[in-house]
Every structure is written in structure tokens, then in C-alpha cells.
Amino acid sequence: MQKAVPFTGEQRADHLLIAEMVTPGSRVLDVGCGDGALLKLLAETKGVDGRGVELSREKVNLCVKSGLSVIQGDADIDLADYPDQAFDFAILSLTIQATRNPKTVLENLLRIGKRAIVSFPNFGHWSVRAALLLTGRMPVTPNLPEPWYATADAHLCTIKDFVDLVSFVDAEVEDAVAFNSQGKRLPIKKSISLQNLLGEKAVFKLKRKT
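Notes on the structure in this doc start here.

## Here we look at the pattern of salt bridges
Thinking step 1. According to the stated counting rule, one finds 11 salt bridges in the structure shown.
Thinking step 2. Between arginine 12 and aspartate 14 there is a salt bridge, with the nearest N and O atoms lying 2.8 Å from each other.
Thinking step 3. Note that arginine 27 is salt-bridged to aspartate 49, the shortest N-O span being 3.0 Å. Of this pair, arginine 27 sits in strand E1 (residues 27–31) while aspartate 49 is found in strand E2 (residues 49–54), placing the two residues 22 residues apart along the sequence.
Thinking step 4. Accessibility expressed as a relative area gives 32% for arginine 27, which makes it partly exposed.
Thinking step 5. Residue classification places aspartate 49 among the partly exposed positions, given a relative accessible area of 28%.

## A closer look at the sheet that holds strand E6 (residues 171–179)
Thinking step 1. The sheet built from seven strands is open, its strands ordered E3-E2-E1-E4-E5-E7-E6 with mixed pairing. Both outer strands of the open sheet, strand E3 (70–72) and E6, are each paired with one neighbouring strand and no more. Geometrically, the sheet is characterised by an average inter-axis angle of 20° between neighbouring strands, direction not taken into account.
Thinking step 2. Bridge analysis of E1 against E2 gives five bridges, and the strand direction is parallel. For arginine 27, the partnering residue across the bridge sits in E2 and is aspartate 49.

## Here we look at the pairing of strand E5 (residues 113–121)
Thinking step 1. Burial runs high along E5: seven of the nine residues are buried.
Thinking step 2. In the classification by handedness, the crossover that spans strand E4 (residues 87–93), the intervening helix H4 (residues 102–112) and the parallel E5 is right-handed.
Thinking step 3. Pairing between E5 and strand E7 (residues 201–208): six bridges, direction antiparallel. The partner of alanine 116 across the bridge, within E7, is leucine 206.

## Here we look at a nonpolar patch on the surface
Thinking step 1. Together, Trp126, Leu194, Leu197 and Leu198 make up a nonpolar patch on the protein surface, roughly 340 Å² of accessible area in all.
Thinking step 2. Broken down by element, the residue count for the nonpolar patch peaks at three residues, all from helix H7 (residues 192–198).
Thinking step 3. Relative to the elements of secondary structure, leucine 198 occurs in helix H7.
Thinking step 4. The exposure class of leucine 198 is partly exposed, given its relative accessible area of 35%.

Cut-offs used in this document
Residues numbered from 1 in each chain as written. Predicted model: local features only at pLDDT ≥ 70, side-chain atom pairs only at ≥ 80, totals over all residues. Heavy atoms only, no water. Salt bridge = Lys/Arg side-chain N within 4 Å of Asp/Glu carboxyl O. Helix = DSSP H or I, 4+ residues; strand = E, 2+ residues; numbered from the N terminus. Buried < 20%, exposed > 50% of the residue type's maximum accessible area, 1.4 Å probe, protein only. Pairing = 2+ DSSP bridges. Axes fitted to C-alpha atoms, helices over the stretch in contact; angles between N-to-C directions. Right-handed = clockwise from strand over helix to strand, strands pointing away. Patch = residues over 30% accessible without salt bridge, like charges linked within 9 Å, V, L, I, M, F, W, Y side chains within 5 Å. Areas by Shrake-Rupley, 256 points an atom, 1.4 Å probe, with all protein chains shown as cover.

Given below as C-alpha cells:
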């Protein structure tokens, strides 16, 4: 893990953890970049050459007005047009669960970037398990705040599920962090089962197997 990025303002916890994994001065593609908060953070703290892809035209316009290099695009469709190894890091933050084909999206991230960084909510957290067990209904939690019929999340997964997918696409984990809603890292080393039980969200840094 890289040196911690100092907190300033209201950055998302996963953005701060992602920034720690990014090499200073690198070329970065942020897929599903939203309002550009992560790109701004990486530019300010790591001096990256950042580009963004965002589905929402409104958010693209906000990014461009802020001086960010962002284009409109769909992760499920448009990543196929990017050349191999065009970036040092291809990042997808809290978005993979909303894509139609997470496997293809992850494969494209690993093809486009020398490294891929992915963050996602963990559906295996104990509170989610408890809600399913006790209520028999899809849970609504601070990390999964919308009811099942209103959420954009089409493919929720657990940390164990994501590790299985990483192996399936012939990649390997270089770094991984499970954390709670306040961004506090879990004091767990080399235990996917405990991370899966106690981590509300996770960030993975990946690379292709050589």
C-alpha cells in the first residue's frame, strides 16, 4: 500500500483508498467518473494525467466545466474501443455492480490499463446477511440505501464472489482493502472470509497474470 493520502474536504472513503494505490504522475482512466471527484483528488495529490468516461451527460458537462477531460460513454459498450495498455490505471469505483456484464467490463479494464482498481459494496457483510435472514427481504442499508426495485445495482456481489471473478478472468490481486462506511480499514490480513463478513465495501488493485 502506498502512503496515505491526506483527507481534505468530503472525499469518499473509497476514493482516498484508491488514491493510495495510484502511482504519482501516471496515466489514469476513471470509468463511471460521476462528478469527477476522484479525478480531481488524483490530480491534486498524485499529479496524474487523468481522463474520465461517464454515462450521464449532465455529469459530463459538470466535469468539463471544472476543467476535467471527460467524455460521455457506457462502460458496457464503449470500453471495447480503447487500445490495449493505453493507461497505467483503469479505475471503476462503486460502479461494477451497476454494469450489465461485469465480467466483460473487468476484462476491458485489465486490457486497457496496466493495472485495474475496482471498488464495490460487499453484499456479504454481516448486516446484509442478518437482514435477509431475519426479514426475508432484500436489505436496505447505508451502503445499499435503495429498495430493490429502485436501485441501479444489477449484479451485487460479495468479496468472495469478486475474488472468484478475478481468478476466472486470469488476473491476480496485487492489493486489497476491506473497510467500513467511515473508511476505516479492517485489521484483517489474509482472511477473505473475515473481510467478506466484516467489510462493508472493498477496493481491489489487479493486474493480468504474466
